[in-house]
Amino acid sequence: GAVVSQHPSRVICKSGTSVKIECRSLDFQATTMFWYRQFPKQSLMLMATSNEGSKATYEQGVEKDKFLINHASLTLSTLTVTSAHPEDSSFYICSARVGEGYNSSPLHFGNGTRLTVT
Amino acid sequence: AQSVSQHNHHVILSEAASLELGCNYSYGGTVNLFWYVQYPGQHLQLLLKYFSGDPLVKGIKGFEAEFIKSKFSFNLRKPSVQWSDTAEYFCAVLNSNSGYALNFGKGTSLLVTP
């Protein structure tokens, strides 16, 4: 089946530094990828929609200058948390859909990245 | 925007008990609904989905869900749970306003005891 690979799975960084998270579709091309954030014991919150070759679309309340998204190819999207602070500590999950249409297939999810900012 | 709510946050069942997890959606138009499962330490996996047609949807691992339009519900069921069903379960709805991303409910943590 479709596989979405996310790297790293865990990262610890110091406050003020930047962290890059990669999301790759391993066996399919994804023109659109989605970035979610999951707080402990809570649901997944959509942060942004990443579009290949164009700017990401951010959800309300998500700082686009803090969470930089780059979707440079049909198989790779990156999320960079800039000037990270402890409140950015969270579980970040990416997902992608095979095919163009929304009903072509469900979303496939990466394993997530646990970010801890000290 | 389309949203879903899950009422049961924590459920504890004994093996062989029947399971029903509630999910209600808010949108009155056409909805596309999903149930995902997240086993400890693993990524989200699709259990089943409803787009149209037969309101009783059968998924993997013996799970099913029924779309009841009059009740705005899409409850997940399994006749007899196993210890291996211990996981987090998320109901989700397709969001046409966000590039067809999914909006998730808060999740239900299911613990199945031997």
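As the structure is a computational prediction, the values presented were derived from the model and not from experiment.

(A) Fine view of unusual backbone geometry. Along the chain, H7(A) connects to P8(A) via a cis peptide bond; the corresponding omega equals 0°. Although it is not a glycine, S83(A) sits at a positive phi angle of roughly 45°. Position of S83(A) relative to the elements: it lies in the loop between strand 8 (76-81) and strand 9 (90-97). Look at S83(A) and you get partly exposed, because its relative accessible area is 34%. One non-glycine residue, A16(B), lies in the positive phi region at around 80°. Judged by relative accessible area, which is 53%, A16(B) ranks as exposed.

(B) Quick look at the state of the cysteines. Residues and elements named next belong to chain A. Enumeration according to the criterion identifies 2 disulfides over all chains in this entry. Paired through a disulfide, C23 and C94 show a sulfur-sulfur distance of 2.0 Å. Torsion about the S-S bond of the C23 and C94 cystine: about 80°, corresponding to right-handed handedness. In this pair, C23 is assigned in strand 3 (residues 19-25) and C94 in strand 9, connecting sequence segments 71 residues apart.

(C) Summary view of the nonpolar core. By size, the foremost hydrophobic cluster in this structure holds 28 residues, and its most contacted members are L33(B), W35(B), L47(B), L48(B), F74(B), L76(B) and Y89(B). Where this core is concerned, the elements lending two or more residues are strand 2 (10-14), strand 3 (19-21), strand 5 (33-38), strand 6 (44-50), strand 8 (64-68), strand 9 (73-78), strand 10 (87-95) and strand 12 (108-113) of chain B. In terms of residue count, strand 10 of chain B provides more of this core than any other element does, 4 residues in total. Setting aside residues up to four positions removed in sequence, F74(B) forms contacts with C23(B), L33(B), F34(B), W35(B), L48(B), Y50(B), V57(B), A65(B), E66(B) and F67(B). Residues C13(A), I21(A), M47(A) and L115(A) belong to the second largest nonpolar core, which totals 23 residues.

(D) Representation of the interface of chain A and chain B within the structure. Between chain A and chain B, the residue contacts involve 18 residues of the former and 19 residues of the latter. Summed over both partners, the interface of chain A with chain B buries about 1,600 Å², with 61% contributed by carbon and sulfur atoms. At the surface where chain A touches chain B, the tally comes to 0 salt bridges. Where chain A meets chain B, there are 6 residue pairs in polar contact (both at pLDDT 80 or more). Elements that contribute at least two residues to the side of chain A that touches chain B include exactly strand 4 (32-38), strand 5 (44-51), strand 9 and strand 10 (107-109) of chain A.

(E) Structural view of the environment of S18(A). All names here are of chain A. One can find S18 in the loop between strand 2 (10-13) and strand 3. Sequence separation of S18 and L76 is 58 residues, and the distance between their C-alpha atoms is 19 Å. Residues contacting S18, with those up to four places away along its chain left out, are T80, V81, T82 and S83. At a separation of 3.4 Å, a polar atom in the side chain of S18 contacts the main-chain amide nitrogen of S83.

(F) Fine view of the sheet that holds strand 1 (residues 4-7) of chain A. Residue and element names in this part refer to chain A. With antiparallel pairing, 4 strands are arranged side by side in an open sheet as 1-3-8-7. Each edge of the open sheet is held by one strand with a lone partner, namely strand 1 and strand 7 (67-73). Direction aside, neighbouring strands of the sheet carry axes that sit 15° apart on average. In terms of strand pairing, strand 7 meets strand 8 through 5 bridges, oriented antiparallel. Of the residues in strand 8, the one forming a bridge with L68 is T80.

Cut-offs and rules
- Residues numbered from 1 in each chain as written.
- Chains lettered and ligands numbered in written order.
- Predicted model: local features only at pLDDT ≥ 70, side-chain atom pairs only at ≥ 80, totals over all residues.
- Heavy atoms only, no water.
- Helix = DSSP H or I, 4+ residues; strand = E, 2+ residues; numbered from the N terminus.
- Buried < 20%, exposed > 50% of the residue type's maximum accessible area, 1.4 Å probe, protein only.
- Disulfide = S-S within 2.5 Å.
- Core = buried A, V, L, I, M, F, W, Y, C linked by side-chain atoms within 4.5 Å.
- Contact = heavy atoms within 4.5 Å.
- Buried area = accessible area lost by both parts, 1.4 Å probe.
- Salt bridge = Lys/Arg side-chain N within 4 Å of Asp/Glu carboxyl O.
- Polar contact = N/O pair within 3.5 Å; in protein donor to acceptor, adjacent residues only side chain to side chain.
- Pairing = 2+ DSSP bridges.
- Axes fitted to C-alpha atoms, helices over the stretch in contact; angles between N-to-C directions.

Such coordinate-based values are descriptive only and should not be taken to indicate function.
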